[in-house]
Amino acid sequence: MNINDKDARVKYIRALERFMGSCVNALKNENFDFLLFVKRAEKGLKTLQKVEPVRLDSTYTNLLQNYVTLVSNSIVNLEEIDIEETHKRLLKEANLLEKEKYRGSYKKDKHKAQGFDDGY
């Protein structure tokens, strides 16, 4: 992998994360307005289209791509969707995505005292 591949990869992942962040901020807003969310998501999708897609291997980055697809599919047929249900689903998926992102950093040793043996 040369430098340009790495740059393109980082650029694409950052664009995906920015898109997700924008969506999450709109979804978590107390005064959630679905039409405002749709505008924000469409703007994010346009920005995302400017960045060249790169093949991603990790679970987290694949979930990011799936989230972008989910959002874009959710805002296509506005007349036919249940706004409340869509809002809940998008929020849930975003939370699962963040959980996956930080999965490795929250490991805690369960039953730490049982595993300790100092020889006495």
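Residues numbered from 1 in each chain as written. Predicted model: local features only at pLDDT ≥ 70, side-chain atom pairs only at ≥ 80, totals over all residues. Heavy atoms only, no water.

Asker: A description of the overall build of the protein chain should follow, citing residues and the corresponding values.
Answerer: Summing up its helical and strand segments, the protein chain has five helices and zero strands in all. Seen in sequence order, the protein chain has helices and strands lined up from the N terminus as α-α-α-α-α. Across the 120 residues of the protein chain, 31% fall into the buried class. Relative to all contacts within the protein chain whose residues are 6 or more apart in sequence, the contacts with residues 24 or more apart total 76%. Accessible surface computed for the protein chain: about 9,300 Å², of which carbon and sulfur atoms make up 49%. (Helix = DSSP H or I, 4+ residues; strand = E, 2+ residues; numbered from the N terminus. Buried < 20%, exposed > 50% of the residue type's maximum accessible area, 1.4 Å probe, protein only. Contact = heavy atoms within 4.5 Å. Areas by Shrake-Rupley, 256 points an atom, 1.4 Å probe, with all protein chains shown as cover.)

Asker: Can you break down the nonpolar core residue by residue, with the values?
Answerer: Across soluble globular proteins, nonpolar side chains show a tendency to be buried alongside one another. Of all hydrophobic cores here, the largest spans 29 residues; its most connected members are Leu 16, Phe 19, Cys 23, Phe 37, Tyr 67, Val 71 and Leu 90. Sort the elements by how many residues they give to this core and helix α1 (residues 3-28) lands first, with 10 residues. If we ignore the near neighbours within four places in the chain, the residues touching Val 71 are Phe 19, Cys 23, Phe 37, Ala 41 and Leu 90. (Core = buried A, V, L, I, M, F, W, Y, C linked by side-chain atoms within 4.5 Å.)

Asker: Help me get a handle on the pattern of salt bridges, residues and values and all.
Answerer: Counted according to the given criterion, the structure contains four salt bridges. Glu 17 is the salt-bridge partner of Lys 101, the closest N and O atoms lying 3.5 Å from each other. Taken together, the residues span a long stretch of sequence, with Lys 101 in helix α4 (residues 83-101) and Glu 17 in helix α1 at a distance of 84 residues. Looking at Lys 101, the relative accessible area reads 38%, which means it is partly exposed. (Salt bridge = Lys/Arg side-chain N within 4 Å of Asp/Glu carboxyl O.)

Asker: So, the confidence of the model for the protein chain: which residues are in play, and what are the values?
Answerer: For the protein chain, per-residue confidence averages 87 on the pLDDT scale, and residues scoring 70 or more make up 86% of the total. At the level of individual helices and strands, the protein chain shows its lowest average pLDDT in helix α5 (residues 112-115), which scores 64, and its highest in helix α3 (residues 59-74), which scores 93. (pLDDT = per-residue confidence, 0-100.)

Asker: Please provide a residue-by-residue account of the packing of α3 against α4, values included.
Answerer: In the contact formed by α3 and α4, the axes pass within 10 Å of each other and the chain directions differ by 170°. Overall, the two elements α3 and α4 adopt an arrangement that is roughly antiparallel. Taking contact as the criterion, the partners of Thr 59, Tyr 60, Leu 63, Leu 64, Tyr 67, Leu 70, Val 71 and Ser 74 in α3 are, on α4, Thr 86, Arg 89, Leu 90, Glu 93, Ala 94, Leu 97, Glu 100 and Lys 101. Among the residues making up the contact of α3 with α4, the classes are represented as nine nonpolar, three polar and four charged. (Axes fitted to C-alpha atoms, helices over the stretch in contact; angles between N-to-C directions. Parallel < 35°, antiparallel > 145°, perpendicular 65-115°, else oblique. Nonpolar A, V, L, I, M, F, W, Y, C, P; charged D, E, K, R; others polar.)

Asker: Give a detailed account of the packing of aromatic side chains, specifying residues and quantitative values.
Answerer: Using the criterion set out here, one finds three aromatic pairs in the structure. For the ring pair Phe 32 and Phe 37, a centre distance of 6.0 Å and an interplane angle of 50° mean the geometry is tilted. Its relative accessible area of 22% is what places Phe 32 among the partly exposed residues. Judged by its relative accessible area of 1%, Phe 37 falls in the buried class. (Phe/Tyr/Trp six-rings, centres within 6.5 Å; stacked < 30°, edge-to-face > 60°.)

Asker: Break down α3 for me, citing the residues and quoting the values.
Answerer: Between its first and last C-alpha atoms α3 spans 22 Å; for 16 residues at 1.5 Å apiece the expected length is 22 Å, and the two agree. Looking at α3, one finds that the buried residues are Tyr 60, Thr 61, Leu 64, Tyr 67, Val 68, Leu 70, Val 71 and Ser 74. (Expected span 1.5 Å × (residues − 1).)

Asker: Requested: an account of the side chain of Thr 86, with residues and values cited.
Answerer: Residue placement: Thr 86 occurs in helix α4. Apart from the residues within four sequence positions on either side, Thr 86 is in contact with Phe 34, Ser 74 and Ile 81.

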